[in-house]
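Examining the three-dimensional arrangement
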Amino acid sequence: MGLTDSKKTMAKAIGNKRVEDFISKLQEQTNARKSRNNRLVCGIWGEPKTVKSGLALDFPNKQIYVLDWDDGCEPTWRQNHDTTERITLWNPEVRNANGELDIKASEQNSEDFVLYVKSQIEKGEDVLFVFDGIDKWLDCCTLHVTGSSKIGKPQKMKFEWGKRNAPFYSLLMMCKNLNCDQIYITHAKADYGSTGEVIGTKPNWHNWGDYLYQIVTTKRTLRKGDVVYKAELLSSKTNTKLVGKSWNTLEVSNGEVNWNGIPELKEGKL
């Protein structure tokens, strides 16, 4: 056997060993997939005060942990849930005496809360994790790069995108890796056409929608003088036949309040 033949034999042996090792890893991952149920990894977006937080907290049989960057869940927790200990709120923001955001401390607070939730899951709790205010977290990451939550001129920012996106996605992926149902909330922002005109609205979560299994949008409407809050399922990887369905989540008429929520959401059927 020549030197060339020897190298070919060695390369084949190495290749076979890698394939054998891969088959083992593939089987392990497949078994893990089969053992999992479809999870709720849902995004909710819309204009302010359109009951996004109300929908996220409407799970009476779960321990709910809210990373509340938006600091908007407390009123709902007080008014509609009687400050129950079943719902835990955590605002990670740290500010100095001048009101300036301490970005590093706020990020660490967020990570510590996620690690705490992970420990509760490992103890056997049936958990729903809520990230309220993805747009606020995005502003924080932008501030880290530019000194302002505003983007500025594209040519100035071109080489800085990675410095903003790395911490933004790092925290969100840390959350998504939690072994529990999850809801991510953000506000709507203007959607511009190619010539600069506003053509509608879209979620302000910087492509995070690509990682979600279900997406719901919310809005406030008027119907014969009554206020009606609506929600629509825009997409679902887990129950496609429901896509396009809408719900009257909250109706206010002559001082009477009727909360419907989204039954399929709290039942985990989206």
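See above for the structure.
Residues numbered from 1 in each chain as written. Predicted model: local features only at pLDDT ≥ 70, side-chain atom pairs only at ≥ 80, totals over all residues. Heavy atoms only, no water.

**Observations concerning the overall build of the chain**
Counting its secondary structure elements, the chain contains eight helices and 10 strands. Burial analysis of the chain (270 residues in total) assigns 40% to the buried set. Taking the contacts inside the chain whose residues are at least 6 apart along the sequence as the reference set, 58% of them involve residues at least 24 apart. For the chain, the computed accessible surface area is about 15,900 Å², with 49% contributed by carbon and sulfur atoms. (Helix = DSSP H or I, 4+ residues; strand = E, 2+ residues; numbered from the N terminus. Buried < 20%, exposed > 50% of the residue type's maximum accessible area, 1.4 Å probe, protein only. Contact = heavy atoms within 4.5 Å. Areas by Shrake-Rupley, 256 points an atom, 1.4 Å probe, with all protein chains shown as cover.)

**Some details on the side chain of Asp58**
Looking at the secondary structure, you find Asp58 in the loop between helix 2 (52-56) and strand 2 (63-68). Engagement of the side chain of Asp58 in a polar contact is seen with the side chain of Trp259, the distance being 3.2 Å. Leaving out residues up to four positions away in the same chain, Asp58 has contacts with Trp259, Gly261 and Lys266. (Polar contact = N/O pair within 3.5 Å; in protein donor to acceptor, adjacent residues only side chain to side chain.)

**Digging into unusual backbone geometry**
One non-glycine residue, Val51, lies in the positive phi region at around 60 degrees. Residue position: Val51 is located in the loop between strand 1 (41-46) and helix 2. Even without being glycine, Asn207 reaches a positive phi, approximately 70 degrees. Structurally, Asn207 is set in the loop between strand 6 (198-203) and strand 7 (214-223). Taking the relative accessible area as the measure of exposure, Asn207 reaches 46% and is therefore partly exposed.

**Focus on a nonpolar patch on the surface**
A cluster of nonpolar residues, Val19, Phe22, Ile23 and Leu26, forms a patch on the protein surface that exposes about 380 Å² of accessible area. Among the secondary structure elements, Ile23 is positioned in helix 1 (residues 3-35). (Patch = residues over 30% accessible without salt bridge, like charges linked within 9 Å, V, L, I, M, F, W, Y side chains within 5 Å. Salt bridge = Lys/Arg side-chain N within 4 Å of Asp/Glu carboxyl O.)

**Brief notes about the environment of Thr217**
With respect to the helices and strands, Thr217 occurs in strand 7. With relative accessibility at 15%, the residue Thr217 sits in the buried group. For the pair formed by Thr217 and Ile185, sequence separation is 32 residues and the distance between their alpha carbons is 9.9 Å. Not counting chain neighbours up to four residues away, the residues in contact with Thr217 comprise Trp45, Lys230, Ala231, Glu232 and Leu234.

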